[in-house]
Amino acid sequence: MDRRSVLQSLALAGLGGLAGCSGLGGSDDEQGWRRAQNRKAAEPRGYRVDFHDRAGTLGQVPRSGRTGNDFDTVTCSRSAAEWDRMKRNDMDYARQLMDENRTSVEKLRPYVERALESDHPKAEPWPHAIAWGIGNGLHDHSGVANSYDAALITVPLVDHFADQLFDRRDRIETWIVAAVEPPTLGEFRHLAAAMAYETDDGSWTVQYLEPTLGCYGDCGTPDFFESSLRPPEESLYARRGATDFVTGPEFRKAQRLADRGYIQEEDEASRGDWNQKAISGAVCSSMTNLVDTAENDMDMGEAPPAGIKTVTTRSFGRSLEDAFDRFDYDTMRRMEFVGRAITLTFEQRRWYQPLGIDGTLAEPEIYVLNQEEIRYAWNNYDEWAHVPEVIDAASEAA
């Protein structure tokens, strides 16, 4: 499978393209996908994943303590250093994209340094100055014209400059968040970002970051965005009347928009019917992108050309939104721990296997589902509350 195609679909957690943001060709792994599809005739009923956290790096993700046909074990042997390395080595791909877009770290660094020295109100505190500096530099010295390249350049660069200029890599975290904006026509195909950082009083806060906007001068940015950096509660993504904007963490708003027909699934064959696939993908990517935004360390195996498949219960989605609204360091860590668990499950159970995310952010439950169960979950979302109900109902329907 083409690397950029895989990265785009995984960054969006299941969407096969970025129309309106950038182009995407088809997959060259159709034969592998067909082999995976042929296995579904022998697929078992869905089951809950029992995590064996051998390395002690899955945080609140619990072991069920149960065995049997309804459970299966996924083992975590990755140390904290190995997980951290997955986040820290995204610069190689960012450099490749910068080269393709006629820019470089060396060209952008002076813009960051000037922003840090500026008394412009938007350049305070220092994480904002880094983001604005990168945006100014990309506007002046690059050919970036889509949210995919902008995000995969900006996100690792923010952390890179925090480390290089301040030695503060452990005080900031930036990751991609899939979003709906007007050009995507109700599909989660815009790559926004979340930038969390430690404030002077030791608490943590989070801002939505628009990598495609950047500069705080006159640079012709789209007029529907008021600023490149905004607290989530002040953003268009959270604003109730802004029906063309939403992210995965704004779960309740996404559900309201889906009920009114504003959220769509990218696949023409499922447009309008599987909007829960789109919402769940955005929810999951808001956590898995904390693990490895560039997706350059994951064992992708036979990644499906149409993207990965997940469904998120209301209980989990609402708990994620509530925690995101009260964002602190523990929220970010819990999101990352669930992202690690999802990543491990896909790696060890292969990417074509659908997942159900249940429980809450504090007490998550992850289920492996078969193809019929995931379709039942999407198509009958209002008729069930928890994943075990899906497994039973799909089995009865079959």
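K.L.:
Looking at this structure, how should I read the overall build of the chain?
P.N.:
Regarding its fold elements, the chain presents 13 helices and 10 strands. Per-residue burial for the chain yields a buried fraction of 59% across its 398 residues. When contacts within the chain are restricted to residue pairs at least 6 apart in sequence, those whose partners lie at least 24 apart make up 66%. Accessible surface for the chain amounts to roughly 15,900 Å². Of this, 42% is attributable to carbon and sulfur atoms.

K.L.:
Explain helix 8 (residues 251-259) here, please?
P.N.:
Note: α-helices contain 3.6 residues per turn, so residues at a spacing of three or four share the same orientation. Those residues of helix 8 that fall on the buried side of the exposure criterion are Phe251, Lys253, Ala254, Gln255, Leu257 and Ala258. In this fold, the buried residues of helix 8 make contact with strand 7 (246-247), helix 9 (275-288) and helix 10 (314-325). Once helix 8 ends, the next one or two residues include Gly261, with phi positive near 85°.

K.L.:
Explain the packing of aromatic side chains here, please?
P.N.:
Note on aromatic pairs: each is described by the distance of the centres and the angle between the planes. Within this structure, the stated rule accounts for seven aromatic pairs. Both rings, one in Trp204 and one in Tyr329, keep their centres 5.3 Å apart while their planes meet at 50°; by these two values the pair is tilted. Taken together, the positions of Trp204 in strand 5 (residues 204-209) and Tyr329 in helix 11 (residues 329-349) put the pair 125 residues apart, joining distant regions of the chain. Under the relative-accessibility criterion, Trp204 is labelled buried at 10%. Under the relative-accessibility criterion, Tyr329 is labelled partly exposed at 37%. Judged by centre distance (5.2 Å) and plane angle (75°), the ring pair of Tyr208 and Tyr237 falls under edge-to-face.

K.L.:
What is the right way to look at the side chain of Glu373 in this model?
P.N.:
Within the element layout of this structure, Glu373 appears in helix 12 (residues 371-379). Buried charge Glu373 goes without a salt bridge, the closest partner of opposite sign being Arg45 at 5.7 Å. Within the local environment of Glu373, its side chain forms a polar contact with the backbone nitrogen of Gly46, the two atoms lying 2.9 Å apart. Leaving out residues up to four positions away in the same chain, Glu373 has contacts with Arg45, Gly46, Val390, Ile391 and Ala394.

K.L.:
In this structure, what is going on with the packing of helix 10 against helix 11? I would like to understand it.
P.N.:
Axes are the key here: two packed helices are described by the angle between their axes and the distance separating the axes. Where helix 10 contacts helix 11, the axes come no closer than 10 Å and their chain directions differ by 145°. Crossing geometry of helix 10 relative to helix 11 is assigned as left-handed. Two secondary-structure elements touch here, helix 10 through Phe316, Leu320, Ala323 and Phe324 and helix 11 through Thr331, Met335 and Val338.

K.L.:
What's the story with the nonpolar core in this structure? I'm lost.
P.N.:
Taken as a class, soluble globular proteins show a tendency for nonpolar side chains to be buried jointly. Within the largest apolar cluster, 74 residues are counted, with the highest numbers of intra-cluster contacts made by Trp175, Phe188, Ile263 and Ile342. It is helix 11 that contributes the most residues to this core, eight residues altogether. Core analysis: the next-biggest nonpolar cluster, separate from the first, contains 32 residues, Tyr93, Ala94, Val155 and Val158 among them.

K.L.:
Honestly, the confidence of the model for the chain in this entry has me stumped. Any pointers?
P.N.:
For the chain, mean pLDDT is 83; residues scoring 70 or higher make up 79% of the total. Ranking the helices and strands of the chain by mean pLDDT puts helix 10 first, with 98, and helix 1 (residues 3-11) last, with 50. This stretch, residues 1-6, has a pLDDT under 50; its non-local contacts, to residues over four places away or in other chains, come to 20 contacts. Here residues 13-28 is modelled with pLDDT under 50, and outside its nearest four sequence neighbours on either side it reaches 48 contacts, counting other chains as well.

K.L.:
Could you clarify how one ought to interpret unusual backbone geometry in this entry?
P.N.:
Glycine aside, a negative phi is what most residues show, and trans is what most peptide bonds show. Put simply, Glu124 and Pro125 share a cis peptide bond, and its omega is -5°. Counting through the fold element by element, Pro125 comes out in the loop between helix 5 (105-117) and helix 6 (126-140). Located in the positive-phi region is Arg102, a residue other than glycine, with phi close to 60°. Its location among the elements puts Arg102 in the loop between helix 4 (91-100) and helix 5. Residue Arg102 is classed as exposed on the basis of its relative accessible area, which comes to 58%. Residue Leu185 is not a glycine yet carries a positive backbone phi of 55°. Position of Leu185 relative to the elements: it lies in the loop between strand 3 (172-180) and strand 4 (190-198). Taking relative accessible area as the criterion, Leu185 reaches 60% and is therefore assigned exposed.

K.L.:
Please clarify how the environment of Ser319 should be interpreted in this entry.
P.N.:
Considering the arrangement of structural elements, one finds Ser319 in helix 10. A sequence separation of 41 residues divides Ser319 from Thr360, and the C-alpha atoms of the two residues are 5.5 Å apart. In contact with Ser319, other than residues within four places in its own chain, are Thr360 and Leu361. A polar atom in the side chain of Ser319 sits 2.8 Å from the backbone oxygen of Phe316.

K.L.:
Hey, could you run me through the sheet that holds strand 5 in this one?
P.N.:
By definition, the strands of a sheet pair up through backbone hydrogen bonds, in either a parallel or an antiparallel sense. With antiparallel pairing, five strands are arranged side by side in an open sheet as 6-5-4-3-7. In this open sheet, the two strands that pair with only one neighbour each are strand 6 (229-230) and strand 7. For strand 5 and strand 6, the ladder comprises two bridges, and the chain directions are antiparallel. Paired with Leu209 across the strands is Leu229, a residue of strand 6.

K.L.:
Just to check I follow, could you spell out the layout of surface pockets for this structure?
P.N.:
The method is simple in principle: a probe with the dimensions of a water molecule rolls over the atoms, and the space it marks as empty is what remains. The volume enclosed by the second largest pocket comes to roughly 260 Å³. Around the second largest pocket, the lining is made up of 16 residues, and of these Asp84, Lys87, Glu173, Tyr329 and Arg333 lie nearest the centre. Of all the secondary-structure elements, those providing two or more residues to the lining of the second largest pocket are helix 3 (80-88), strand 3 and helix 11. Residue classes in the lining of the second largest pocket are distributed as seven nonpolar, no polar and nine charged.

Conventions we followed
- Residues numbered from 1 in each chain as written.
- Predicted model: local features only at pLDDT ≥ 70, side-chain atom pairs only at ≥ 80, totals over all residues.
- Heavy atoms only, no water.
- Helix = DSSP H or I, 4+ residues; strand = E, 2+ residues; numbered from the N terminus.
- Buried < 20%, exposed > 50% of the residue type's maximum accessible area, 1.4 Å probe, protein only.
- Contact = heavy atoms within 4.5 Å.
- Areas by Shrake-Rupley, 256 points an atom, 1.4 Å probe, with all protein chains shown as cover.
- Phe/Tyr/Trp six-rings, centres within 6.5 Å; stacked < 30°, edge-to-face > 60°.
- Lys, Arg positive; Asp, Glu negative; His and termini not counted.
- Salt bridge = Lys/Arg side-chain N within 4 Å of Asp/Glu carboxyl O.
- Polar contact = N/O pair within 3.5 Å; in protein donor to acceptor, adjacent residues only side chain to side chain.
- Axes fitted to C-alpha atoms, helices over the stretch in contact; angles between N-to-C directions.
- Left-handed = near helix turned anticlockwise from the far one by under 90°.
- Core = buried A, V, L, I, M, F, W, Y, C linked by side-chain atoms within 4.5 Å.
- pLDDT = per-residue confidence, 0-100.
- Pairing = 2+ DSSP bridges.
- 1 Å grid on protein atoms, 1.4 Å probe; cavity = no way out; pocket = protein on both sides within 12 Å on 5 of 7 lines; lining within 4 Å.
- Points joined across faces, edges and corners; volume = space filled by probe spheres on them.
- Nonpolar A, V, L, I, M, F, W, Y, C, P; charged D, E, K, R; others polar.

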